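# Working through the structure, step by step
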Amino acid sequence: MKNKTKKLLALLLALITLTSVFAGCGGGNGMDSTLSNDALVGQNDENISNAKETGYIRDKITVAFTGATSLSPWGTSNNTPGNYEVYEDLFEQGIDNVTYPVLADATRGGNNPAGIMGYDHEEGTTLYTVYIWDYIYDHKGNHVTADDVKFSYEYQLANAVTSGWEVLQSVEVVDETTINFTFTRELTGLGEFEQIFTLCFIVDEDTFNNSKSKLMVEMIGTGPYKMKAYVPGSELILERNENYWQTNEEYINQAQKANVRTIDYKFINDSTTRILNFQTGEIDLSDDIESQYTVDFLDGGAYGDKYNVFTYPAGLIMNLWANCHPDSICGDVNMRKAIFYAISTDELVAALGGTDEPAYTYSNNTTGDHNDAWNEMENYNSFKGTPEERKAIVDEYLAAAGYQGETLRLLCQNDMTDFCTILVTMLANYGINAELDATDHAGSTTKEKDPTAWDLEYNKWGGNSYICVKWLHAFSWGNTVEGDHTTNFVYNKEWNDLLTLVNSQEGHTDENLTRWLEILYENAYATNLYNTTKSIIYPEEMTYMYRNSHLIILPGACEYADPNA
Amino acid sequence: MSENTNFLEVKDLVVEYTADGEIVHAVNGISLSLKKGETLGLVGETGAGKTTIAKAILKILPDPPAKIRQGEIILDGVDLLKAPEKDMLKIRGAKIAMIFQDPMTALNPLMTVGDQIMEVVQLHNNFTKQEALEHTFQMLEMVGIPRVRSVEFPHQFSGGMKQRVVIAMALACNPELLLADEPTTALDVTIQAQVLEMINELKVKLNSSMILITHDLGVVAQTCDKVAVIYAGEIMESGSKEDLFLNPSHPYTLGLFGSLPKMDDDSKRLTPIRGMPLDPTLDRHGCPFADRCSQATKACHHGVMPNVEVSKDHFVRCIKFAKEAN
Amino acid sequence: MWRYIAKRLLWLVLVLICAAVLIFSIMWFVPGDPAEMMLSGVGTQEDIARLREQLGLNDPFIVQLGNFLYNAFVKFDFGSSYVYKTAVLDELALRLPRTLKLGIISIALSSLIGIPLGVNAALHRNGFQDQGLLVISMVFVSVPQFWLALEMMLLFAVMLHWLPVSGIGTWKHWIMPVIANTLGSIAMNARQARSAVLETSRADFVTTARAKGVHERDVVWKHMIPNAMIPVINALGNSFTAIITSSIVIETVFAFPGVGTYMMSAVSGRDYPVVRACVLMLAAFAAIVNLGVDLIYAYLDPRIKAQYVAYAAKKK
């Protein structure tokens, strides 16, 4: 081959290589988002909020599932796919936060302050007596009795993570359908009843003992669905339980309906792969889709006629907190205020592409105890001044702190580096030097224990329908080994006592919640950066979407229209 | 065929190599002849083109780089250069056989020596397996290797024994022309003598003709009938062994003999031929040896040098002798 | 020869023990606590402390190492995954065949396609086969696997609807992962084969064969190719190990439940039993493949066999 041609060919190949490198990176960020702010929250939700029975039984629905898990039913934070379809608790809670009996007998009990059927409890005592139906049979045909309830509770307590179960003292069988639960104290805390009685699946003891894997790779419960097939790490197939024990229509709650014959869970971790599966029709339903990926599925998009999108506020607190330990430069409250004033939530939302919502307080409206008035409190979170006004305030606090241009260390996890780089830039605009320290999840939990290792940290708090519980997750003194400070080294006892108070039945008042927030902002312990959304892509035929109180979609409980009608 | 016609005749052979766009003139118009039973010694420095001639005769020069530009190679009346490949396949190994220079690499390391000899035997004969095997054993014993060793692999033999295997392989089908390319150069002196003797004996037994390529004048003296001296792809001088040794004429031949160390010479240094061998990529003008010749004149650098017959069948390619003859 | 194999197997066990100690120590020193990983956000410090105790994470280094080595090498018990709660070996027993199958098919295809291409290119030096191979191999080697995987998904699944996007189930699910895995290796094998054949073609014994009057076809197939195959087999052995270990990317993109995805999620979740078992298994695998390649060498090349026998005979 002539030399010149060789060189030309080499150049061409190098160019191809280079372009393929660029094609590989920058994945999702390049996608144009044509979502307007109006289109965001609750788009199409009138489609799926009408619980009218269609009477149509859909043949099959395929759901995408992410994450690694076993099929075990145990643990108060159990996230096995399809767990609520295959297993049942004594009581359950819908998205409206109303607790109702499932395995508990709805025709008995009712003598309790909350007025819920299925159990008796005298106020001021520590005893709760639960009654169950006498005709509960599981998928193996075994009769589920009070002994099985005792077995399930004791097994879960001994072998799984049971958050908040320290108060459970004993479970005693009274007769075949009656169980006595005794606690160390009365369950007056917010959500404490639900933590015990809606978070333990009841499993028949004989079934459990006869299962070779002890229910790690098979699911045998009492619910409207039973497990048909399981390929670990790949697929879980559930089918309708034709011999469901509850035959009395009056007591079948929406969650116990089986409107689909087969539910197929596919385990797909990679978000791009998931979207491609939607495009080929291999998946019908998935939660947890980032809003930027949903463009094609909106009405008018390429797949808009086969799917719909439901976008909802993710309810997460996007938390930026400061290390309040004297060893850190952020130990000075003036420094903290300077930092938090330097970050404008409106600017942040704009920098992220405009599909999110700004956050003006350390709470959001997805929680039942949120108060919009908090958005009007005067602090750095809600500050809406001009950049010049902002700069003046920041400079004032920087001077008060005696800031000499030291570099602050911002700790975060690897998948958040892009976002945190924006934060660093925003701080730099106001003269505050910060550098990024990104590690993986395990690394950051270890590092945050060392007060000399970080100054700022970014993380997210989520997962509960009460804001005070989210606050508790974030700032509980129980999160640290010493137990006398928060994870970000706040030693304020008054604040901690207040936190415990708002998490009790009587202390859960607006006044206390507001006071807690006031202390947070006075001392500049943390800030809420913005409110993000998540999307669910669901099939066009779904006329009603059922989600329980944990925001888990139960495909069998949804309603579907007949595509041929 | 009468005793006087040549068994092998090479006429005006020109071979070129093309490397990286440049042309290397490896063989530049060579003519030789050989009678049946004769041994021709081809003497010259490394790179003079000796091996190329041998490979050209067998037509196993690798074709992309090498090309035979012109010439005739007539063996027993047939022009090999015009012969089709299927005929050459029958000739190679049977009518013409080659003994290679480096015994260490000349044998296939993955085949037993017996198999390698059997291969050539079965290619050119209609023996049954048994007969071929027996013939192979005989060849091995002929070169002094016990027949039980035929199942061993080349790496299990010493250098000298490997060369003997190569010889056995070459002679297995009674070739009429043997091309021996420096067969003893890679061996040490004691073995050299043995191997040469063996080659000679077998040659006499089979009445083969041989072209022995070497740069060792001592070997030439021992085994050859005729000698040709090659420099830069051209024959400088050719004649009988006596002619060359008793009456060396060409300045290059004189230089070669002169550079041999002598037993009775007291001088402390050898007398090499000054200068470097000719760059084969350059075009030729005149005598290739002119730059190094102590007797060169201006006329030596232009034109074609005449091939002068200074005595019967003793040719010298030098202008000096042309004038003298006149 | 048997002595040689026995000696190698003994070394294999030693190598595995060293690998086990190494991976155990590495995971020990990497910051991050599995109990915390599992419970952060849902459990209190007491829960975490209790879980640590349960998992035996509070014992000193030597004790934990000792337990691990004893369980792994004597009882063949690698424990249970912290996340999946199932026995690691059981899970591996399901996943390893998948990854191996993918790997074996890829290797088989890449050698069946790559080696002939390479040999062909070498035999037709500077012809269109050779130039063509140069271009193709450059392209295949340069293309990033995940990019290729995504492009294939877009083309074959989304646009043409010929193949399913991801997961496993039918033979159709395997096509794209195999292709993505194979292309790079085809290029490497072809280049290896080409240069091996080219080098061998310059060897003296090839000229000898021609001088014997052997037909060119036999010169190539009886003399050149067998000798050229030796470095090619070596490269194949390396390829095999590389393909298995690099299956992680393919498995993630195609939601393929093999060893790769198992190990990935285990590393970030600090699921120690899974990481240890997977690493040991991969080490064992690599060692066995190497042994296999060496034995094939010995079978093909008598010089190597002689070396091995001599080595085994050495008093140790």
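All of the points below concern the structure found in this document. (Residues numbered from 1 in each chain as written. Chains lettered and ligands numbered in written order. Predicted model: local features only at pLDDT ≥ 70, side-chain atom pairs only at ≥ 80, totals over all residues. Heavy atoms only, no water.)

## Things to note about the overall build of chain B
Counting its regular elements, chain B contains eleven helices and twelve strands. Relative to a compact globule of 326 residues, whose C-alpha radius of gyration would be 20 Å, chain B shows 21 Å and is just as compact. When burial is assessed residue by residue, chain B has 50% of its 326 residues classed as buried. Sequence-distant contacts in chain B: of pairs separated by 6 or more residues, those separated by 24 or more amount to 64%. Taking the average place of the 33 positive charges on the side chains of chain B and the average place of its 42 negative ones, the gap between the two points comes to 2 Å. (Helix = DSSP H or I, 4+ residues; strand = E, 2+ residues; numbered from the N terminus. Rg over C-alpha atoms; globule rule 2.2 N^0.38 Å. Buried < 20%, exposed > 50% of the residue type's maximum accessible area, 1.4 Å probe, protein only. Contact = heavy atoms within 4.5 Å. Lys, Arg positive; Asp, Glu negative; His and termini not counted. Charge placed at Lys NZ, Arg CZ, Asp CG, Glu CD.)

## Digging into the overall build of chain C
Along its length, chain C carries 14 helices and zero strands. Counting helices and strands in the order they occur from the N terminus, chain C gives α-α-α-α-α-α-α-α-α-α-α-α-α-α. Its C-alpha atoms give chain C principal-axis dimensions of roughly 85 × 65 × 30 Å. Burial status across chain C gives 50% buried among its 316 residues.

## Points about the sheet that holds strand β11 (residues 286-289) of chain A
Residues and elements named next belong to chain A. Taken together, three strands build an open sheet; the order of strands is β11-β20-β12 and the sheet is antiparallel. On the outer flanks of this sheet lie β11 and β12 (307-313), each paired with one strand and no other. Each adjacent strand pair in this sheet contributes to an overall mean axis angle of 25 degrees, direction not counted. Of the pairings in the sheet, the one linking β12 to strand β20 (residues 533-539) comprises seven bridges and is antiparallel in character. (Pairing = 2+ DSSP bridges. Axes fitted to C-alpha atoms, helices over the stretch in contact; angles between N-to-C directions.)

## What about the arrangement of the chains?
Taking contact number as the criterion, the leading pair out of two pairs of chains in contact is chains A and C. Looking at chain A next to chain B, you find no contact at all, with the nearest C-alpha pair sitting 10 Å apart.

## Thoughts on the packing of aromatic side chains
According to the stated counting rule, one finds 60 aromatic pairs over all chains in the structure shown. Geometrically, the ring pair formed by A:Phe181 and A:Phe197 is edge-to-face, given 4.9 Å between the ring centres and 75 degrees between the ring planes. With A:Phe181 in strand β7 (residues 178-183) and A:Phe197 in helix α6 (residues 192-197), the pair connects residues that are 16 residues apart, well separated along the chain. For A:Phe197, a relative accessible area of 0% puts it in the buried group. Its guanidinium or amino end placed over the ring of C:Phe68, C:Arg276 lies 4.8 Å from that ring's centre, counting from NZ or CZ. (Phe/Tyr/Trp six-rings, centres within 6.5 Å; stacked < 30°, edge-to-face > 60°. Lys NZ or Arg CZ within 6 Å of the ring centre and 35° of its normal.)

## A word on the interface of chain C and chain A
For interface size, the figure often reported is the accessible area lost on association. The interface is formed by 48 residues belonging to chain C together with 45 residues belonging to chain A. Contact between chain C and chain A buries roughly 3,700 Å² in total, counting both sides, with carbon and sulfur atoms accounting for 62%. At the surface where chain C touches chain A, the tally comes to one salt bridge. Across the salt bridge formed by C:Arg270 and A:Asp440, the nearest N and O atoms sit 2.7 Å from each other. Across the contact surface, chain C and chain A share five residue pairs in polar contact (both at pLDDT 80 or more). (Buried area = accessible area lost by both parts, 1.4 Å probe. Salt bridge = Lys/Arg side-chain N within 4 Å of Asp/Glu carboxyl O. Polar contact = N/O pair within 3.5 Å; in protein donor to acceptor, adjacent residues only side chain to side chain.)

## Notes on the interface of chain B and chain C
At the interface, 25 residues of chain B touch 20 residues of chain C. The contact between chain B and chain C buries some 1,900 Å² in all, and 64% of this surface belongs to carbon and sulfur atoms. Our count for the contact surface shared by chain B and chain C stands at two salt bridges. Across the pair B:Glu119 and C:Lys212 runs a salt bridge whose closest N-O atoms are separated by 3.1 Å. Counting every contact that joins chain B to chain C gives ten residue pairs in polar contact (both at pLDDT 80 or more). Taken together, the elements giving at least two residues each to the side of chain B that touches chain C come down to α1 (50-58), β6 (96-99), α3 (103-106) and α4 (113-124) of chain B. By residue number, the principal contributor to the side of chain B that touches chain C is α4(B), which donates five residues.

## A short note on helix α11 (residues 387-401) of chain A
Residues and elements named next belong to chain A. Between the first and last C-alpha of α11 there are 21 Å, a value that for 15 residues agrees with the 21 Å anticipated at 1.5 Å per step. Residues Arg 390, Ile 393, Val 394, Tyr 397 and Leu 398 constitute the buried set of α11. Burial along α11 is one-sided: seen end-on, the buried residues are contained in an arc of 135 degrees. Residues Glu 388, Glu 396 and Ala 399 are exposed on α11 and point more than 90 degrees away from its buried face. Gly 402 occupies a position one or two residues after α11 and carries a positive phi of about 70 degrees. (Expected span 1.5 Å × (residues − 1). Arc of directions from axis to C-beta.)

## Some words on the pattern of salt bridges
Residues and elements named next belong to chain A. Across all of its chains, the model carries 41 salt bridges over all chains by this definition. Two residues, Arg 58 and Glu 541, come together in a salt bridge whose shortest N-O distance is 2.6 Å. Here Arg 58 is found in strand β1 (residues 58-65), whereas its partner Glu 541 is found in the loop between β20 and β21 (542-544), with 483 residues between them in sequence. A relative accessible area of 12% means that Arg 58 is categorised as buried. Taken together, the shared-partner salt bridges in this structure form one network comprising Glu 53, Lys 257 and Glu 559.

## Focus: the pairing of β7(A)
All names here are of chain A. Counting buried residues in β7 gives five out of six residues, a clear majority hidden from the surface. Bridge count between strand β5 (residues 127-131) and β7: five bridges; the pairing is antiparallel. Of the residues in β7, the one forming a bridge with Thr 129 is Asn 180. One ladder, built from six bridges, connects strand β6 (residues 168-175) with β7; its direction is antiparallel. Counterpart to Val 173 in the pairing with β7 is Ile 179. Where β6 folds back on β7, the antiparallel hairpin that results is connected by two residues.

## A few points about helix α5 (residues 88-123) of chain C
Between its first and last C-alpha, α5(C) extends 50 Å over 36 residues, near the 52 Å set by a 1.5 Å rise per residue. The principal kink in α5(C), of about 30 degrees, is found at C:Leu94, preceding the proline C:Pro97 by one to four residues. (Bend = angle between axes of the 7 residues up to and from the residue.)

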